[in-house]
Amino acid sequence: LKRAARLAPAPCRWNSGLPMNIGVLFVPQQEAWVVERMGKFHRILEPGLNFLIPLLDRIRYVQSLKEIVINVPEQSAVTLDNVTLQIDGVLYLRVMDPYKASYGVEDPEYAVTQLAQTTMRSELGKLSLDRVFRERESLNASIVDAINQASDCWGIRCLRYEIKDIHVPPRVKESMQMQVEAERRKRATVLESEGTRESAINVAEGQKQAQILASEAEKAEQINKAAGEANAMLVKARAKAEAIQLLAAALAQQHGNAAASLSVAEQYVNAFSKIAKDSNTVLLPANTGDVTNMVAQALGIYTTLTKPQTVKTQDEMPPAHEDSHSPATEMLKAEQGSSS
């Protein structure tokens, strides 16, 4: 029954409701009346007032010049990958030449509908199932071109064709759904892996930048520290040079050597006292109890170090008599008496 319904001809509007010839006729807008005189084509009546000869002229066809919408019945079609589809559509056409539409084909609507169905089956046989859903627009355009090439001699022009529904077998639909789900899981996995990769790259870039900044900070710190130590050494050297200059000037004054001898003797004695306090093991000379000998040794060391300067000073200055009562001699004698 369904097959018979699909193959049944579409209802015809050209031969239904033909007006009678009463001599004076009024043709409605967007209609064309085909008139025959004594069984032969005479003329096409334009919209408006028209006059005909009764009994001789007969209105044979009434063609509508409006756009006609035809429902294309559902049909079976096999794709390139051997999948059977149930597909239907809607056809939009218009009568361009009433004469060809009346005498070129017996039933224009039925002819165009059958042409659309056959063209649809042939076009679907060239495409796979996946391309059918992606290329619906190109499929519609191909059907329109094929219909226009065949219907030109019928005086009909197909404006557009639209596919309404595509019914896929249940098993194929399930496999397509599984394919879609697998594709979505694949894209989710790919996106997750890309996110992990981007995160790792960002972390690595951050660590790299942190190490670079830390090394640059350490470099600047070392440079600043080295510059500070260099400045400190220069300041210490200048201070030491100034101290040496002041000491040399003091030694060049009168009784400077005696004062230096006394200072050296005091430092020598203090050194032994510090050794006894800071360490449990003490290295002392054999004659530690003889303070006079220790002071004499310290004065001998100082005299040895300052001997060239003393010789030079004696050469420059006039000889003088030794004073047996010099402050240094008296201090030594006082220390010997206290030790004894």
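Residues numbered from 1 in each chain as written. Predicted model: local features only at pLDDT ≥ 70, side-chain atom pairs only at ≥ 80, totals over all residues. Heavy atoms only, no water.

Looking at an unreviewed UniProt entry, the protein carries the name Stomatin-like protein 2, mitochondrial, with the source organism given as Panurus biarmicus. The UniProt entry for the protein carries this comment under Sequence similarities (unreviewed entry): "Belongs to the band 7/mec-2 family." Entered under Subcellular location (unreviewed entry) in the UniProt record, the comment concerning the protein runs "Mitochondrion inner membrane". (UniProt positions renumbered as here; feature names shortened; annotations may be inferred.)

1. Let's talk about the sheet that holds strand E2 (residues 31-37)
The sheet built from 3 strands is open, its strands ordered E3-E2-E5 with antiparallel pairing. Pairing within the sheet leaves two strands with one partner each, and these edge strands are strand E3 (40-45) and strand E5 (57-64). Mean inter-strand twist for the sheet, computed between neighbouring axes without regard to direction, equals 25 degrees. Relative to E3, E2 is paired through 5 bridges, and the arrangement is antiparallel. Bridge pairing in E3 links Arg 37 to Lys 40. (Pairing = 2+ DSSP bridges. Helix = DSSP H or I, 4+ residues; strand = E, 2+ residues; numbered from the N terminus. Axes fitted to C-alpha atoms, helices over the stretch in contact; angles between N-to-C directions.)

2. With respect to the sheet that holds strand E8 (residues 156-167)
Sheet architecture is open: 3 strands sit in the order E6-E7-E8, paired in antiparallel fashion. Of all the strands in the sheet, the pair left with one neighbour each is strand E6 (67-78) and E8. Put simply, the sheet's adjacent strands are angled 20 degrees from each other on average, direction ignored. Inspection of the sheet shows strand E7 (residues 84-95) paired to E8 by 10 bridges, in the antiparallel sense. When the bridges of E8 are listed, Val 90 appears paired with Glu 162. Here helix H3 (residues 108-124) sits on the sheet and contacts E6, E7 and E8; the angle it forms with E6, its principal contact strand, is near 40 degrees. Sheet contacts for helix H5 (residues 136-151): E7 and E8; angle to E8, the most-contacted strand, approximately 140 degrees. (Contact = heavy atoms within 4.5 Å.)

3. Some remarks on the pairing of E6
Where E6 meets E7, 10 bridges bridge the pair, whose relative direction is antiparallel. Along E7, the bridge assignment pairs Ala 77 with Leu 85. Between E6 and E7, which follow one another and run antiparallel, lie 5 residues, and Asn 82 among them has a positive phi close to 60 degrees.

4. Re the nonpolar core
Side chains of nonpolar character tend, in soluble globular proteins, to be buried together. In this structure, Leu 91, Met 120, Ile 147 and Tyr 161 are the most contacted members of the largest nonpolar core, which totals 33 residues. Those elements that place two or more of their residues in this core are E6, E7, H3, helix H4 (129-134), H5 and E8. The element contributing the most residues to this core is H3, with 6 residues. In this view, Met 120 contacts Gln 75, Ile 87, Leu 139, Ile 143, Tyr 161 and Ile 163; residues no more than four positions away in its chain are not counted. Within the second largest apolar cluster, 8 residues are counted, among which are Leu 25, Trp 33, Leu 45 and Ile 59. (Core = buried A, V, L, I, M, F, W, Y, C linked by side-chain atoms within 4.5 Å. Buried < 20%, exposed > 50% of the residue type's maximum accessible area, 1.4 Å probe, protein only.)

5. Here we look at H5
Its 16 residues place the ends of H5 22 Å apart at the C-alpha level, agreeing with the 22 Å of an ideal helix rising 1.5 Å per residue. Along H5, the residues that are buried comprise Leu 139, Asn 140, Ile 143, Val 144, Ile 147, Asn 148 and Ser 151. Down the axis of H5, the buried set is contained in an arc of 165 degrees. They therefore lie on one face. (Expected span 1.5 Å × (residues − 1). Arc of directions from axis to C-beta.)

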